[in-house]
Amino acid sequence: MLRIAVVQESAVPGEVGTNVATAASRVREAAAMGARLVVLPETFTTSWDLDAFDGPLPTLADTVWLAPVQAAVDETGAVLVLNSPLTGAGRRSITSLIIAPGEEPVAAYDKQHLYPPERERFEPGDHGTTVEIDGVRVALSVCYDANFPEHAAAAAADGAILYVNSGAYFPGGGHRRDLHYAARALDNSMYVAFAGLVGGPLGLIGGSAVYDPLGRPMERLDDATPGMVVATLDPAEVARVRDEQRMWADHRADLGPRRTLRL
């Protein structure tokens, strides 16, 4: 079993210290409800903000800015997925950090599918990442990654039973958001957890949720209100659904050559 909290929250554009302090508070709240894994939205440290992206970005060369969240996970025993723009080693990325008790922060996953305004500012990641927490394999993704079925399929092939996504959706994107995350769960008979930014100058919509392996929302938040979804995930339920539905067992890695008929 793994108990997860996905946090739906606003971030103040460019105010890294304020946003990290908020993150630490949410970790403590989630841990008080029994969460072992806490997931925050995309670019939570700066908000999804072009002016912030174009300014100085956080770096792991000096991690003092992460001290509040490190203290929170050390105190509670929770593991935090904190997504942030980062700069370092001559590149800029949108990165999911893993903050774990008693461990140095790890830049675990760089967003691989960049949305158009991001492409001009960041470099895409070149690999997927799976994290094992208490024996449960958890795959990382960021927002637009989930639009690509092969991204979640690669995670499932790597043994993940939970696909977590830190996201930020603009107004009007709710239909696509809900469809993509439910489909990724159903496609791969796996849990999917989405944590979305909400509010701010862009009026970002939340809709944070955890989906079961049949693509049904176990709980979903509205588009406007900060909050938290806490759910307990059962690996046995993934095994049961995969045995019953058979899509995962029956998928074919090679469909052979394509034929084209011209009439």
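From a predicted model like this one, the values you see are computed outputs, not experimental measurements.

Student: A description of helix α5 (residues 149-157) should follow, citing residues and the corresponding values.
Tutor: Those residues of α5 not exposed but buried are His151, Ala152, Ala155 and Ala156. Taken around the axis of α5, the buried residues stretch over an arc of 135 degrees, which confines them to a single face. Turned more than 90 degrees away from the buried face of α5, the exposed residues are Glu150 and Ala157. Check the buried side of α5 and you find it contacts β5 (106-110), β7 (136-142), β8 (162-167), α6 (174-188), α7 (235-245) and α8 (247-250).

Student: I'd like a rundown of the pattern of salt bridges, residues and numbers included.
Tutor: Across all of its chains, the model carries 20 salt bridges by this definition. The closest approach of N and O atoms between Glu9 and Arg26, which form a salt bridge, is 2.7 Å. Here Glu9 is found in the loop between β1 (2-8) and α1 (16-32), whereas its partner Arg26 is found in helix α1, with 17 residues between them in sequence. Exposure remark for Arg26: the relative accessible area of 18% places this residue in the buried category. Across the pair Arg36 and Asp134 runs a salt bridge whose closest N-O atoms are separated by 2.8 Å. Of this pair, Arg36 sits in the loop between α1 and β2 (37-39) while Asp134 sits in the loop between β6 (130-133) and β7; the two residues are 98 residues apart in sequence, bridging distant segments of the chain. Given a relative accessible area of 27%, Arg36 falls into the partly exposed group. Among the charged side chains, a salt-bridge network with shared partners connects Arg177, Asp178, Arg220 and Asp223.

Procedures and definitions
- Residues numbered from 1 in each chain as written.
- Predicted model: local features only at pLDDT ≥ 70, side-chain atom pairs only at ≥ 80, totals over all residues.
- Heavy atoms only, no water.
- Buried < 20%, exposed > 50% of the residue type's maximum accessible area, 1.4 Å probe, protein only.
- Helix = DSSP H or I, 4+ residues; strand = E, 2+ residues; numbered from the N terminus.
- Arc of directions from axis to C-beta.
- Contact = heavy atoms within 4.5 Å.
- Salt bridge = Lys/Arg side-chain N within 4 Å of Asp/Glu carboxyl O.

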